[in-house]
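Chains, contacts and geometry: an overview
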Amino acid sequence: MESQSLKNDSTHTTYIKLDTKICNACWKCLSECKNNVISRINLPWHKHARFTNYNDCTGCLKCMKICEPGALMKV
């Protein structure tokens, strides 16, 4: 049985999609998100943003607007 967290993985919300290959781990999106939807993976060999509270995303798109490399896209 597939868990809910695997169906809605850490790269999608209802409104935003994250391309982890483009994310440069600047973390600007974390400070922009007031609903704490975005967190980070910060390992020495693996760094990028991720969605942890994806159900709390309201679709304000502030994270997408501040993302300079374009890793966050509208779904």
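Now for a description of the structure that goes with this document. Residue numbers here run from 1 along each chain, matching the order of that chain's written sequence. It should be noted that, the model being predicted, local features are given only for residues of pLDDT at least 70 and side-chain atom pairs only at 80 or more, the latter also being counted only at that level, while totals for whole chains, interfaces and linings use all residues. Note that water and hydrogens are dropped before the side-chain values are worked out from all heavy atoms of the structure.

Some points on the nonpolar core
Put simply, the test is: Grouping buried Ala, Val, Leu, Ile, Met, Phe, Trp, Tyr and Cys residues that are joined through side-chain atoms within 4.5 Å yields what is termed a nonpolar core. Only protein chains enter the accessibility calculation, which uses a 1.4 Å probe. A residue is then buried if its area is under 20% of the maximum for its type, exposed if over 50%, and partly exposed in between. Think of it this way: any DSSP run of H or I at least four residues long counts as a helix, any run of E at least two long counts as a strand, and we number them from the N terminus. Residue contacts are counted whenever heavy atoms from the two residues lie within 4.5 Å of one another.
Core analysis: the largest hydrophobic core is formed by 19 residues, its most contacted members being L18, C29, I38, F51 and L72. Every element with two or more residues in this core is listed here: β1 (16-18), α2 (28-32) and β3 (46-51). Residues in contact with L72, not counting those within four places in the same chain, are I16, K17, L18, C29, F51, C63, M64 and C67.

Considering the packing of aromatic side chains
Keep this limit in mind: When two rings of Phe, Tyr or Trp (its six-membered ring) have centres within 6.5 Å they constitute a pair, described as stacked for plane angles under 30 degrees, edge-to-face for angles over 60, and tilted for the intermediate range. In this scheme, Lys NZ or Arg CZ marks a charge over a ring once it lies within 6 Å of the ring centre and within 35 degrees of the ring normal.
In total, this model carries 0 aromatic pairs according to the counting rule given. The aromatic ring of W27 is capped on one face by R40, whose charged end is 4.7 Å from the ring centroid.

Quick word on the pattern of salt bridges
This is how it is decided: Salt bridges are counted wherever a side-chain nitrogen of Lys or Arg sits within 4 Å of a carboxyl oxygen of Asp or Glu.
This structure, assessed with the given rule, holds 1 salt bridge. For K28, the salt bridge identified is with E68, shortest N-O distance 2.7 Å. Of this pair, K28 sits in helix α2 while E68 sits in the loop between α3 (62-66) and β4 (72-74), placing them 40 residues apart in sequence.

Remarks on the side chain of S39
Secondary-structure assignment places S39 in strand β2 (residues 38-43). Residue contacts for S39: discarding those within four places in its chain leaves L30, H48, A49, R50 and T52.

Topic: empty space enclosed by the protein
For clarity, the threshold we go by: We place a 1 Å grid over just the protein atoms. Points where a 1.4 Å probe fits but has no way out form a cavity, open points with protein on both sides within 12 Å along at least 5 of 7 lines form a pocket, and any residue with an atom within 4 Å of a point lines it. Grid points are joined across faces, edges and corners, and a volume is the space filled by probe spheres set on the points. Throughout this entry, Asp, Glu, Lys and Arg are counted as charged residues, while Ala, Val, Leu, Ile, Met, Phe, Trp, Tyr, Cys and Pro are counted as nonpolar. The remaining residues, Gly among them, count as polar.
Following the criterion strictly, the structure yields 1 cavity of 30 Å³ or more and no others. Estimated volume of the largest cavity: approximately 80 Å³. Looking at the largest cavity, it is lined by 15 residues, and the ones nearest its centre are C23, C26, C29, C67 and L72. Broken down by secondary-structure element, the contributors of at least two residues to the lining of the largest cavity are α2 and α3. Class assignment of the residues belonging to the lining of the largest cavity gives a composition of 13 nonpolar, 1 polar and 1 charged.

No statement about biological role is implied by the geometric values presented.
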